Amino acid sequence: MRRALVFVLLAVSSLLLAETITIKVKETRVRSSPRFYARSIHQAEAGDRLEKVGEFEGWYEVKIPDGQVGWVHSSAVETKELRLSSGEWVETEASPDEVALAGKGFNEEVEAEYRRTHADLDYTWVDRMEAMEITEAEMLDFLKEGRLGEYGGGE
Amino acid sequence: MRRWTVFLLALSLLSCETAEKIAKQKLGDVVGEEKAESIVTVVEAVRKGFQDLTPREEYYIGRAVAANILKKYPVYEDEGVTRYVNKVGMTVAWASDVPETYGGYHFLVLDEKEPLAYSAPGGFIFISKGIINMMEDEEELAGVLGHEVAHINKRHGLGAIKQSRLTEAFSVLVKEGKKYSSEEVKKLANAYEGALGDVVNKLIEKGYDRSQESEADRFGALYAYRAGYNPLGLVSFLSASKREYGDRLEIPLMKTHPDPGQRFQALREHLQEEGLEGTTESVRTSRFASIKKSMR
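Residues numbered from 1 in each chain as written. Chains lettered and ligands numbered in written order. Predicted model: local features only at pLDDT ≥ 70, side-chain atom pairs only at ≥ 80, totals over all residues. Heavy atoms only, no water.

Peer 1: Any chance you could explain the overall build of chain B here in plain terms?
Peer 2: Across its full length, chain B carries 13 helices and three strands. Residues counted as buried form 59% of the 296 residues belonging to chain B. For chain B, contacts bridging at least 24 residues in sequence account for 73% of all contacts bridging at least 6. (Helix = DSSP H or I, 4+ residues; strand = E, 2+ residues; numbered from the N terminus. Buried < 20%, exposed > 50% of the residue type's maximum accessible area, 1.4 Å probe, protein only. Contact = heavy atoms within 4.5 Å.)

Quick look at the structure:
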C-alpha cells in the first residue's frame, strides 16, 4: 500500500511540476534552432518566464506565448523555479540573480546619480557600441566565409 | 473509492505541502527558522562578496568603466573595421562559457597607436588601432579578443572591488516594490563610484594578477579553438609582443599584460598538453589583411 502511494506521488508529481525558466539578461532571442545565428522567432526580456520543454547542448527548448517552440541559451536564463498545476510559482532557491530581476542594487537610478555628479563622462559611445547590431544573417555569412564553427574545423 | 482517496490525498499533498516544503527548506537554508518578510530582503541580507553581484549590476558597473576608458581614449570611427572586430569578437564570445551576458558583448576600436586591450565587466571590450597593427592575421585577433572575453567570463574585473564598497552597497536593504529614498540612492552611488574606481584602477593602471592573465590566456585560446580558429593565434601574438616590446613597462599593454615571453611559452605547452590544434584558413588571413590595409 505504501509503495503504491509513493508510486502515485511520483507519477503525479512529474505531471504537475512543469519546469520553467526565467530570462535573466536584458533581452535575448528565442531562436528557431539551437544556434546563435538561427532565425529569431521571439524577443524575450529580463523577468519573462517560459516553459522549458527540452534541452540540447547548453540550449533550452521553450514554449513562447503564441505556443510555438524555440531555443534560448542557458547562459541567458535562471532555472530555479517550479510551477504547480494550480499556476502557483514556487521559489526553490532565492539566488541574487532574482534580486536583479526585481530591479535592485546598482541600477539605472544609481547610474543616473553617478552621471549627475560626473558631467565630464560622456556615455554617447557606450550607448552607440551597445546599439550596434549585427544580424544573424551577417554572422552566418561571416562564419561560412571564414570556415568557422560548424562550417570549419571547430567543435 | 479507497484508490480515489489516495489519489486525492496525493494531489493535495503535492499542491500544498510539497510547494511549501520546497520553499521553506530552501529558504530555511538561508535564514534558518526565521520567517522573512520577502525573499528579496533575505537575499539582500546574505549577499557578501563580488561573486554575489548580479549580472545586471555587473552591466551597470561595466557601462561606467567603459565611459571612464572612453574618457581617456578617443574612438576610431570606421564602421567597416568596427563591424569586422565585432564579428570576430561575437564568434569567440559565442564559443565561450558565458555566451550571453546581461547586456551582451560589444567591441570598439580606440584611435590610439599604442597597443591596448581592455575589457569592462559585463561585456564591453576595447582594442586599439595599435594592437590591430601589431597583428598578422584573424587568428591573432580572435586569440586577443578571446583573452578579453575570458576576463569577463571569469569576472576578473569585479574581483578588484574592495570588500568595504560591497558591504556598504549590500547594507542598503530594499523591500519589494519600494523605490529607494534619495539618501539610499546617494549611499549606493557612493559605493558604485568606489567600486568602479577599483575596477578602472585595476584595468588601466595596475593590470590583472599573473594568475588571472594566464587563466585568460588558457580560456581565451580555448574559446578561439572552439569557434574554429587556430588556438596558436594567441601564442603567436604574445610571441610578437615579446619581440616588439620585451618587458618595456612604459608600454601600456606591457604594464597591464606583463611578461609575454613567459606567457607564450606556458600557453604553447598548455595547448600541446590538451591537444588543442587548429588550422589557419587563408580566407580569414586575407580578409584580415584587407581590413588592416583599410585602416588610416
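Peer 1: Any chance you could explain the packing of helix α3 (residues 108-117) of chain A against helix α8 (residues 182-206) of chain B here in plain terms?
Peer 2: Two quantities define a packed helix pair, namely the angle between the axes and the distance from one axis to the other. Between α3 of chain A and α8 of chain B, whose axes approach to 9 Å, the crossing angle comes to 75 degrees. As far as their axial angle goes, α8 of chain B and α3 of chain A are roughly perpendicular. Each of Glu109, Val110, Glu111, Glu113, Tyr114 and Arg116 of chain A in α3 of chain A lies in contact with α8 of chain B, whose residues at this interface are Val185, Lys186, Leu188, Ala189, Tyr192, Glu193 and Leu196 of chain B. Here the residues of the contact of α3 of chain A with α8 of chain B sort into seven nonpolar, no polar and six charged. (Axes fitted to C-alpha atoms, helices over the stretch in contact; angles between N-to-C directions. Parallel < 35°, antiparallel > 145°, perpendicular 65-115°, else oblique. Nonpolar A, V, L, I, M, F, W, Y, C, P; charged D, E, K, R; others polar.)

Peer 1: What exactly am I supposed to notice about the sheet that holds strand β1 (residues 106-110) of chain B here?
Peer 2: The strands that make up a sheet pair up through hydrogen bonds in the backbone, lying either parallel or antiparallel. All names here are of chain B. Spatially, the three strands line up as an open sheet ordered β1-β3-β2, and their pairing is mixed. Strands with a single pairing partner mark the edges of an open sheet, and in this sheet they are β1 and β2 (117-120). In this sheet, neighbouring strand axes are inclined to one another by 20 degrees on average, regardless of whether the strands run parallel or antiparallel. Alignment of β2 against strand β3 (residues 124-128), held across four bridges, turns out to be antiparallel. The partner of Ser119 across the bridge, within β3, is Ile125. (Pairing = 2+ DSSP bridges.)

Peer 1: It is not clear to me how the packing of helix α4 (residues 79-94) of chain B against helix α13 (residues 282-294) of chain B should be interpreted in this structure. Could you clarify?
Peer 2: Residues and elements named next belong to chain B. Contact pair α4 / α13: the axes reach a minimum separation of 10 Å and the direction vectors enclose 145 degrees. Where α4 crosses over α13, the two elements pack in a sense that is left-handed. Together, Gly80, Val81 and Tyr84 of α4 and Arg287, Phe288, Ile291 and Ser294 of α13 make up the contact between the two elements. Residues that form the contact of α4 with α13 fall into these classes: four nonpolar, two polar and one charged. (Left-handed = near helix turned anticlockwise from the far one by under 90°.)

Peer 1: Just checking my understanding: could you explain the pairing of β3 of chain B for this structure?
Peer 2: The two faces of a sheet get side chains in turn, since along a regular strand they alternate between them. Residue and element names in this part refer to chain B. Of all five residues that make up β3, five are buried, and the element is covered over most of its length. Here β3 shows two buried faces, one formed by Phe124, Phe126 and Ser128 and the other by Ile125 and Ile127. Linkage of β2 to β3, two consecutive antiparallel strands, is achieved through a turn of three residues, within which Gly122 is found at a positive phi near 90 degrees.

Peer 1: What should I look at first to understand the layout of surface pockets in this one?
Peer 2: The gaps of empty space that remain are located by a probe, the size of a water molecule, rolled over the atoms. Estimates place the volume of the largest pocket at around 720 Å³. In this structure, the largest pocket is lined by 27 residues; those nearest its centre are Arg29 and Arg31 of chain A together with Met90, Gly104 and His106 of chain B. If you list the elements that add at least two residues to the lining of the largest pocket, you get β2 (27-31), α4 (124-131) and α5 (136-145) of chain A together with α4 of chain B. Looking at the lining of the largest pocket element by element, the count peaks at four residues for β2 of chain A. In the lining of the largest pocket, the residues fall into eleven nonpolar, eight polar and eight charged. (1 Å grid on protein atoms, 1.4 Å probe; cavity = no way out; pocket = protein on both sides within 12 Å on 5 of 7 lines; lining within 4 Å. Points joined across faces, edges and corners; volume = space filled by probe spheres on them.)

Peer 1: Sorry, what's going on with empty space enclosed by the protein here?
Peer 2: Residue and element names in this part refer to chain B. On inspection of all chains with the given rule, the structure shows four cavities of 30 Å³ or more. Considering only enclosed or pocket space, the largest cavity measures out at about 100 Å³ in volume. Around the largest cavity, the lining comprises 13 residues; the ones closest to its centre are Phe237, Leu238, Leu253, His257 and Arg263. Taken together, the elements giving at least two residues each to the lining of the largest cavity come down to α6 (138-153), α10 (232-245) and α11 (252-256). Ranked by the residues each element gives to the lining of the largest cavity, the list is headed by α10, at four residues. Taken together, the residues that form the lining of the largest cavity break down as eight nonpolar, three polar and two charged.

Peer 1: How should the nonpolar core be read in this particular structure?
Peer 2: Nonpolar side chains tend toward joint burial in soluble globular proteins. Residue and element names in this part refer to chain B. In terms of nonpolar packing, the biggest core is built from 59 residues, with Ile131, Ile132 and Tyr229 touching the most fellow members. The greatest single-element share of this core, amounting to eight residues, is contributed by α4. Excluding residues that lie within four positions of it along the chain, Ile132 makes contacts with Val81, Val85, Val109, Ile127, Phe288, Lys292 and Met295. (Core = buried A, V, L, I, M, F, W, Y, C linked by side-chain atoms within 4.5 Å.)

Peer 1: I would appreciate a short explanation of the pattern of salt bridges in the present structure.
Peer 2: Side chains bearing opposite charge may pair, as long as their charged atoms lie close to each other. This structure, assessed with the given rule, holds 31 salt bridges over all chains. Between Arg287 of chain B and Glu145 of chain A there is a salt bridge, with the nearest N and O atoms lying 2.7 Å from each other. Of this pair, Arg287 of chain B sits in helix α13 while Glu145 of chain A sits in helix α5, which puts the two residues in different chains. Note on Arg287 of chain B: relative accessible area 10%, which makes it buried. Between Asp217 of chain B and Arg263 of chain B there is a salt bridge; the shortest N-O distance is 2.7 Å. With Asp217 of chain B in helix α9 (residues 210-227) and Arg263 of chain B in helix α12 (residues 260-274), the pair connects residues that are 46 residues apart, well separated along the chain. Assigned by exposure class, Asp217 of chain B and Arg263 of chain B land together as buried. Through salt bridges that share partners, Lys26, Glu111, Arg115, Asp127 and Glu130 of chain A together with Arg63 of chain B make up one connected network. (Salt bridge = Lys/Arg side-chain N within 4 Å of Asp/Glu carboxyl O.)

None of this, on its own, says anything about what the molecule does.
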